[in-house]
Amino acid sequence: MLQTQSVKTLLQPPLQEKPPSQEAEPVKSSVKLAVPIFNRKANAEAMILGVITEHSLSLSVAPVIVDLAKAQAEDKAALSQVQLTRTTATYKLVLGVAHTLSQRIYNNMRNYPFSLNMDESTSNSNKKVLAILVSYLNLATKKVDVEHLDSIELKKVNSASLYKVVADFFTKNQIPWENLVSSMMDSCNVMRGTKSGVEARIRKEKNINLLDVDGDSCHHIHNAAKVFANPFQKWLEGLSTDLFEDHRWARDQLMNLEEVCEFLGIPFTTPPRFVSHRWLSAYDVTVTTARMMEAYTVLYFAFLSKGEKPVYKEVIEEIYKKLYQVSTKAQQGLQPYMQN
């Protein structure tokens, strides 16, 4: 049965057995040898990396842990008294830190004019959630603070239910509507419909002076891009979708594509998936597809009939000689794809 060791134990040098000696042991000195700062720094980094590895954490948290350690080290007396079990951490996070931060935000919203940014989305657990951000000028710090106000789970998504959720939130936390300056939302009818959208309801029933700051610019660009791309009949999106589906379940074909990329000297990545409701998805997919287009050409050349291959053989030779200067050995490795 495997046993785990603590990071400190792993970093300690192994004990060496001393040979038996008849001589008396010398008197140990009470003076501690100074350890060079380079060694102490390397030991601290090794301990942090050991914790990350042992707990399967993302390497992106490494600088966060370093900053936290530096901040905590300023008060060593308090740090030595810190003890947080899992249950204690949950209790203090929910009823301590979260409650304190929420009350601070609510108090600032009662005292300062603020703007909201609201968007309905789907969580990782497939639940409908209304995410709300608030921004305001904090006179104490002379800066614009942008805070996460709340993420409210929704049972029904329409303009009436969303408006009721927001109104109930304001009433519960005693937030004055007159401090609301503007509200940023996407441009869908539910949020910004001129007659019964959430913004129209707020302006009509709660704050007649609410500024019209228009919708999210990203959605405007998305709508403009859709109109511009209509004549192309989704050829590009269809190509990326076909490539993704061809390699989605065919592990052997994916391995063949990786091998072709290796012969051609093209960095291999799995064919990405086009997501229709993300307007930048088409760009991301196109960049990756264009970078690997020569590899796709060589791979799909194998699926042509014997009568079609001579027609496109010149295209393959051009890829070999002009684009990537493919070596003779690499061309020999690609012969199975040319024949089968």
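Refer to the preceding data block for the structure.
Treat the numbers as computed from the prediction; the structure is a model and nothing was measured.

Draft legend 1. Region of interest: the packing of helix 12 (residues 281–291) against helix 13 (residues 293–301). Where helix 12 meets helix 13, the axes come as close as 4 Å, and the angle between the chain directions of the two elements is 60°. Comparing their axes, helix 13 and helix 12 come out oblique. Here Thr 289, Ala 290 and Arg 291 of helix 12 lie close against helix 13, whose contacting residues are Met 293, Glu 294 and Tyr 296. The residue inventory of the contact of helix 12 with helix 13, partitioned by class, reads three nonpolar, one polar and two charged.

Draft legend 2. Structural view of the side chain of Glu 199. As for its placement among the helices and strands, Glu 199 is situated in helix 8 (residues 198–205). A residue is classified by how much of its surface remains accessible, and Glu 199, at 3% relative accessible area, is buried. Setting aside its immediate chain neighbours within four residues, Glu 199 contacts Ser 183, Met 185, Met 191, Arg 192, Leu 210, Leu 211 and Asp 212.

Draft legend 3. Broad picture of the nonpolar core. Judged by nonpolar contacts, the single largest core of 28 residues is most densely connected at Phe 114, Leu 116, Met 118, Leu 149 and Ile 202. Listing elements by their share of this core, those giving two or more residues are helix 5 (86–111), strand 1 (114–122), strand 2 (128–138), strand 3 (143–153), helix 6 (159–172) and helix 8. By size, the runner-up hydrophobic cluster in this structure holds 16 residues, among which are Val 260, Leu 264, Phe 301 and Leu 334.

Draft legend 4. Looking closely at the pattern of salt bridges. For the structure on display, the rule yields eight salt bridges. Here Lys 41 and Glu 45 are joined by a salt bridge, their closest N and O atoms 2.8 Å apart. In this pair, Lys 41 and Glu 45 both sit in helix 2 (residues 37–54), four residues apart, roughly one turn of the helix. Residue classification places Glu 45 among the partly exposed residues on the basis of a relative accessible area of 39%. The shortest N-O distance in the salt bridge between Glu 120 and Lys 128 comes to 3.9 Å. Exposure remark for Glu 120: the relative accessible area of 23% places this residue in the partly exposed category. The structure contains a network of salt bridges with shared partners spanning Arg 192, Glu 199, Arg 203 and Asp 212.

The rules we used
Residues numbered from 1 in each chain as written. Predicted model: local features only at pLDDT ≥ 70, side-chain atom pairs only at ≥ 80, totals over all residues. Heavy atoms only, no water. Axes fitted to C-alpha atoms, helices over the stretch in contact; angles between N-to-C directions. Helix = DSSP H or I, 4+ residues; strand = E, 2+ residues; numbered from the N terminus. Parallel < 35°, antiparallel > 145°, perpendicular 65-115°, else oblique. Contact = heavy atoms within 4.5 Å. Nonpolar A, V, L, I, M, F, W, Y, C, P; charged D, E, K, R; others polar. Buried < 20%, exposed > 50% of the residue type's maximum accessible area, 1.4 Å probe, protein only. Core = buried A, V, L, I, M, F, W, Y, C linked by side-chain atoms within 4.5 Å. Salt bridge = Lys/Arg side-chain N within 4 Å of Asp/Glu carboxyl O.

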